[in-house]
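Structure at a glance
Spelled out from the first residue to the last, the chains are:
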Amino acid sequence: MILHAVTIQNWKNIGRLELTDLDHPLVVLYGPNRTGKSSIVEAIRCCLYDFDHDATAGRIKCAIPWLTKQVPEIRVEFETGGQRYRLMKRFDKGKQGDAVLERRVPVGRSSPAEWTTLHRGKEASREARRILGVTKSTDGLNQLLWLTQGEIHLPEGNRLNAPLQERLESVLGQLLTAHDWDFSRTLEKACQRYFTPQFREKKDSPVTLLEQQRSECRRQVEVLSGQLRQAEQLVRDFHGLHAGLAEERQLIEASRHEVQQLIELDQATRQKRAEHKTARLRLDTAEKEYARAEKSLADYVARAQDLLRQNTDIAGLEDSLKQADASVARLRTNLERTQQHFDRARSVVSTHEQRSGELADRQLLIDLAGGMERVAARLEEFDGQAAAIAGMQTELAGISAPEEAELRKLRTNRSEAQKRRATLEAESLRLEIEPAGDGSADVSLDGEPPRAVALDAGAPLELQFRQQAEVSIGSFGKLRVRRGTQNFSIEEAATNLRQLDQEYVDALRTYGVAADEDEPLALLDQRACRRQELRRALHTAEDAQRRAAPDGRQPLAAERSRLEQQRAAILERRPELAEWQPDAVDLHARQADYNEMLHQLRRTSEDLQSAVETRRRECEQADNAAQTLRTQLAGLKATRQAHVDELTRMGDETALAEAQRTARAAVDGARLALADTMLTPDEQNIEARLNNARHALEQRQDRLRETENRCEGIRGELRGLHGLHDDLAAAEAELRRLDAEFREHQLDAEAHRLLHGLFDECRMRQVRAATGRIGERVLDWARRLGLDDYDDCRFADGYLPAGMLRPGLDEAVVLADESFGTMEQLAMLVRLAVGGLLAGDERQVAILDDPLTHADSGKHRRMLEILEEAARGRHTGNGSAVAPLQILVFTCHPERFDHVPSAKQIDLAARITRA
């Protein structure tokens, strides 16, 4: 398949683009970033393969222009199989959505070819994909030859799409024989019993099911064995627990005696503990009072020292404030003098700027003159298109023709009528009468009213009827002929034929055509084609008219009147410009003189303004410094007054010292009282010992109850484990049977797996031998790029090289281990080699979106030579000739392709009309 033309309307940022000259071996389409190169590639993919005309898909929604909301329309003209087709898709989920597939049909040597509609709607999309042989844009050779921007890696060998892999196998001669396929299918069917397609064990295979049964049986044996061991252990546990019950009862009696003794001792020491607690509270109170008295004395001394320091700081700040006030007065005098000079300079600038109004009016006159010329041109184009549209609409109104669906219905009608007429002709009966003399007869056929028929001697009369015929011949009498059994199917055919003929005549009469005219359907077809041509021409004229005046003629006329009124208003305001002819050169000279003088005056004014700002900042800084000093001075004075008030509140230093000594004496007395009521270690711990003894008694009582309950539980469990020996023996026998059956199926599965692996290995050896044709082409081109350190290609699990071999080394260099540029170049060589090999007798299109971005200048030049050879179909290596390719290169660097004289370069920015 090759591309001849592409037309894009309302696609993303593309308003309209027509590429009608793509039938060239190597085409370079260039434009800066955001021109729409990748959008063009996506539009071709969506039109040919990926979508029908419905606009509900995400990619199509993103393609609708944001500003205009127009319906995207793509038209691609391509050639394949010796036939030329044109596919149009208008993407919309409403009535505007449509798809049309047309084929170019040659008419004659002297007449141009015509386009014939093959299908519409979704059927057109399906038929186009069938003609192209793939169902989406990433299938078939497109997986290798249609590259998106930044795509440099080769697809993995085991991820080639099915159409491409079948084509590779067909071209390389690797199709298996019928016997091989039978063996392979039998082997696959046997393997499917045990394995998944990835040769993992199936969940429902006999091996897996037996393994599950073995595991379940083994678990049952283990459970029964554990239960038997548990029963034996329970017997031992019961005897041990029963023997320990007497010992636990003795421990409980000893705990009860210990608790009673500790209760009596606790009651005896309770009064002494209360006195000790009271003495502890008195000591804590005395210590807190002493701490408060000591802190009050220390605070008084510290605040007195702070007051002395603050008096010294206040005296220094008052001297600094006097100096700051004098500096502020001096700076304000300088600011006033500088401000006066600046005001005079600004007045001079304002006087000069008043001249700018005249220059602005002159510029407006120039702009208005240009605008009036453009509006006049658009009005002329609008009026011309309006006249053409009126003529086409008049002609369209006079054409009476059916739509395509109605035409198809009429053709179907004639085809069905022909079938019914042939059926009647074959099923009808014939009656032949050879009269001996002249006369007449009355004839009634199939129940119709009798009609008179002349009889001529020597002229046979043939009558055709379906069911019955009655002939009355003078004095001879009546002759009746009828079928033995009435044929209802022939009557139904006759009725259908009458209905079809009546519908046909009525339909023709609707469009003013008589049924007896020559070729009435051809006449209607001509009218429909003419109407379609007029509609397309009318659509084109309306588009041109809308471009000339999107809002109609009245706004353009109003715009022209508005421009004339603006010009009249300017001349009325400045009558001295009436004789001045709008001249941009003259205005530029006047503007230059004005700007030069204005620049000098403004520079002087700006210098004075900077001086004013400098003086003002100096005054503000001096004011801020003085204000800061005042704030600091006020804060120090307030702090000093607070210290004086606080010292007055705190009282006399002598009284504070006396309160400290009194509090110290109270602490000493409280400590002596606490020592007199001190408890012995046994008395202090009596409560804890009593609680521990009570807890020990409760633990022993709980343990006794648990032991008794455990003994009863063991008796119950032993009663439930009766008959374990018989169940265990039966489970062990079943496990031995399952082990034998599992080993048998496991050996069978392993044998099938190994046989399948051997079959695949033998087939892959044949595939690797056949891929040498691809390797030869890649190596030849790689040496031309200067990559001389390779002598072979390594193919892994498919038909694409997985790495390159260096002389003397068995380990292949994976393409991903090479530099980014070398990896991109080798991947491109592989794509071109495989694409040329698989193209066969028909050229194939390759779309490269911004390729070879990582190649240095030398390798890039040689890669261009290889691209040119791939487009011509020539190859200088040892392999057979490569089929030609049509290569479309989208790039933002056209200068990189200047060294290919045979390439056709197209500037997309010059051809694209923005949406």
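Residues numbered from 1 in each chain as written. Predicted model: local features only at pLDDT ≥ 70, side-chain atom pairs only at ≥ 80, totals over all residues. Heavy atoms only, no water.

Here the focus is the overall build of the chain. When its secondary structure is counted, the chain shows 22 helices and 21 strands. The globule rule puts the C-alpha radius of gyration for 915 residues at 29 Å, and the 55 Å found for the chain is more than 25% above it. Taken over 915 residues, the chain has a buried fraction of 38%. By sequence separation, contacts in the chain at least 24 residues apart represent 72% of the contacts at least 6 residues apart. (Helix = DSSP H or I, 4+ residues; strand = E, 2+ residues; numbered from the N terminus. Rg over C-alpha atoms; globule rule 2.2 N^0.38 Å. Buried < 20%, exposed > 50% of the residue type's maximum accessible area, 1.4 Å probe, protein only. Contact = heavy atoms within 4.5 Å.)

Okay, helix α13 (residues 553-573) next. For α13, with 21 residues, the first-to-last C-alpha span of 30 Å sits near the 30 Å given by 1.5 Å per residue. Considered for burial, the residues of α13 that qualify are L556, A557, L563, I570 and L571. Seen end-on, α13 carries its buried residues on one side only, within an arc spanning 150°. For α13, the exposed residues lying more than 90 degrees away from the buried face are Q554, Q565 and E572. Considering only its buried residues, α13 is in contact with α9 (356-397) and α12 (520-548). (Expected span 1.5 Å × (residues − 1). Arc of directions from axis to C-beta.)

A few words on the sheet that holds strand β10 (residues 439-445). Sheet architecture is open: four strands sit in the order β11-β10-β13-β14, paired in antiparallel fashion. The open sheet is flanked by β11 (451-455) and β14 (477-482), the only strands paired with a single partner. Strand-to-strand twist across the sheet, computed as the mean angle between neighbouring axes with direction ignored, equals 25°. Relative to β14, strand β13 (residues 468-473) runs antiparallel, the two sharing six bridges. Along β14, the bridge assignment pairs A469 with V481. (Pairing = 2+ DSSP bridges. Axes fitted to C-alpha atoms, helices over the stretch in contact; angles between N-to-C directions.)

Glancing now at unusual backbone geometry. Positive phi, close to 55°, is recorded for K12, a residue that is not glycine. Examined against the element boundaries, K12 turns out to sit in the loop between β1 (2-11) and β2 (14-19). Here K12 falls in the partly exposed class, since its relative accessible area comes to 27%. In this model, D850 sits at a positive phi of 55°, which is unusual for a non-glycine residue. Here D850 shows up in the loop between β18 (844-849) and α21 (857-872).

Only one face of strand β12 (residues 461-465) is buried, namely the one carrying L461, L463 and F465, since none of E462 and Q464 on the opposite face is buried. When strand β9 (residues 429-433) meets β12, the two strands line up antiparallel, connected through five bridges. In the sheet register, L429 faces β12, and the bridge partner there is F465.

Here seven strands make up an open sheet; going across it, the order is β7-β6-β5-β4-β1-β2-β21 and the pairing antiparallel. The open sheet has two edge strands with one neighbour each: β7 (114-120) and β21 (913-914). Note that strand β5 (residues 83-90) and strand β6 (residues 98-105) share six bridges and pair antiparallel. Residue K89 lies in a different strand from β6, and its bridge partner there is A99. Here helix α1 (residues 37-50) sits on the sheet in contact with β1, β2, β4 (73-80) and β5, set at roughly 105° to β1. Each of β4, β5, β6 and β7 touches helix α3 (residues 122-132); the most contacted strand, β6, lies at about 50° to it.

This part takes up the packing of α9 against α13. At their nearest, the axes of α9 and α13 sit 9 Å apart, and the two run at 155° to each other. On the basis of their axis angle, the class for α9 and α13 is roughly antiparallel. With respect to the hand of their crossing, α9 and α13 are arranged in left-handed fashion. Facing D361, L364, L365, L368, G371, M372, V375, R378, L379, F382 and D383 of α9, the residues of α13 in contact are R553, L556, A557, E559, R560, L563, E564, Q566, R567, I570, L571 and R573. (Parallel < 35°, antiparallel > 145°, perpendicular 65-115°, else oblique. Left-handed = near helix turned anticlockwise from the far one by under 90°.)

What follows is about a nonpolar patch on the surface. A cluster of nonpolar side chains, F183, L755 and L758, forms an exposed patch at the surface whose accessible area comes to about 250 Å². With relative accessibility at 37%, the residue L755 sits in the partly exposed group. (Patch = residues over 30% accessible without salt bridge, like charges linked within 9 Å, V, L, I, M, F, W, Y side chains within 5 Å. Areas by Shrake-Rupley, 256 points an atom, 1.4 Å probe, with all protein chains shown as cover. Salt bridge = Lys/Arg side-chain N within 4 Å of Asp/Glu carboxyl O.)

A general feature of soluble globular proteins is that nonpolar side chains tend to end up buried together. L3, L48 and I887 are the most contacted members of the largest nonpolar core, which totals 97 residues. Here the element with the most residues in this core is helix α20 (residues 820-839); it accounts for twelve residues. Leave out the neighbours within four places in its chain, and I887 touches P25, L26, V27, L832, A846, L848, L867, A870 and A871. (Core = buried A, V, L, I, M, F, W, Y, C linked by side-chain atoms within 4.5 Å.)

Another aspect to go through is a negative patch on the surface. On the surface, a cluster of negative charge is contributed by D516, E517, D518 and E519. In this structure E519 comes out as exposed when scored by relative accessible area, which is 58%. (Lys, Arg positive; Asp, Glu negative; His and termini not counted. Charge placed at Lys NZ, Arg CZ, Asp CG, Glu CD.)

A few words now on the confidence of the model for the chain. Counting all residues, the mean pLDDT for the chain is 81, and 94% of those residues have values of 70 or more. Here residues 174-178 scores under 50 on pLDDT; set against residues more than four positions off or in separate chains, the count is eleven contacts. (pLDDT = per-residue confidence, 0-100.)

Between side chains of opposite charge, a pair can form as their charged atoms come close. This model, assessed by the stated rule, comprises 53 salt bridges. A salt bridge links E77 to R84; the nearest nitrogen and oxygen atoms lie 2.6 Å apart. Classification of E77 as buried rests on a relative accessible area of 13%. One salt bridge connects R466 with D446, and the closest N-O pair in it is separated by 3.8 Å. Of this pair, R466 sits in the loop between β12 and β13 while D446 sits in the loop between β10 and β11, placing them 20 residues apart in sequence. Classification of R466 as buried rests on a relative accessible area of 19%.

The next point concerns helix α10 (residues 404-427). A rise of 1.5 Å per residue sets the reference length of α10, with its 24 residues, at 34 Å; its end C-alpha atoms lie 35 Å apart and thus fit the reference within 8%. If you check which residues of α10 are buried, you get L407, L410, N413, A417 and L424. Along its buried surface, α10 packs onto β12, α11 (488-510) and α12.

Our next topic: the packing of aromatic side chains. In the structure shown here, the tally under the stated rule is three aromatic pairs. Ring geometry for Y49 and W146: centres 5.7 Å apart, planes at 75°, overall edge-to-face. You can see Y49 sitting in helix α1 and its partner W146 sitting in strand β8 (residues 146-147), a full 97 residues away along the chain. Here the two residues Y49 and W146 agree in accessibility, since each one is buried. Each ring, one from F78 and one from Y85, has its centre 5.7 Å from the other, and the planes form 25°; the classification is stacked. (Phe/Tyr/Trp six-rings, centres within 6.5 Å; stacked < 30°, edge-to-face > 60°.)

This next bit is on the side chain of T80. Turning to its location among the elements, T80 is positioned in strand β4. Residues in contact with T80, not counting those within four places in the same chain, are M1, Y85, I131, L132 and E842.

Attention now moves to the environment of A124. Assignment of secondary structure puts A124 in helix α3. Expressed as a C-alpha distance, the spacing of A124 and L587, which sit 463 residues apart in the sequence, is 62 Å. Look past the residues within four positions of A124 in its chain and what remains in contact with it is L87, A99, V100, L101 and H119.

Two elements in contact, α10 and α12, have axes whose closest approach is 11 Å; the angle formed by their N-to-C orientations is 170°. Judged on the interaxial angle alone, α12 and α10 are roughly antiparallel. Taking contact as the criterion, the partners of L407, L410, R411 and R414 in α10 are, on α12, L521, L524, D525 and A528. The residue inventory of the contact of α10 with α12, partitioned by class, reads five nonpolar, no polar and three charged. (Nonpolar A, V, L, I, M, F, W, Y, C, P; charged D, E, K, R; others polar.)

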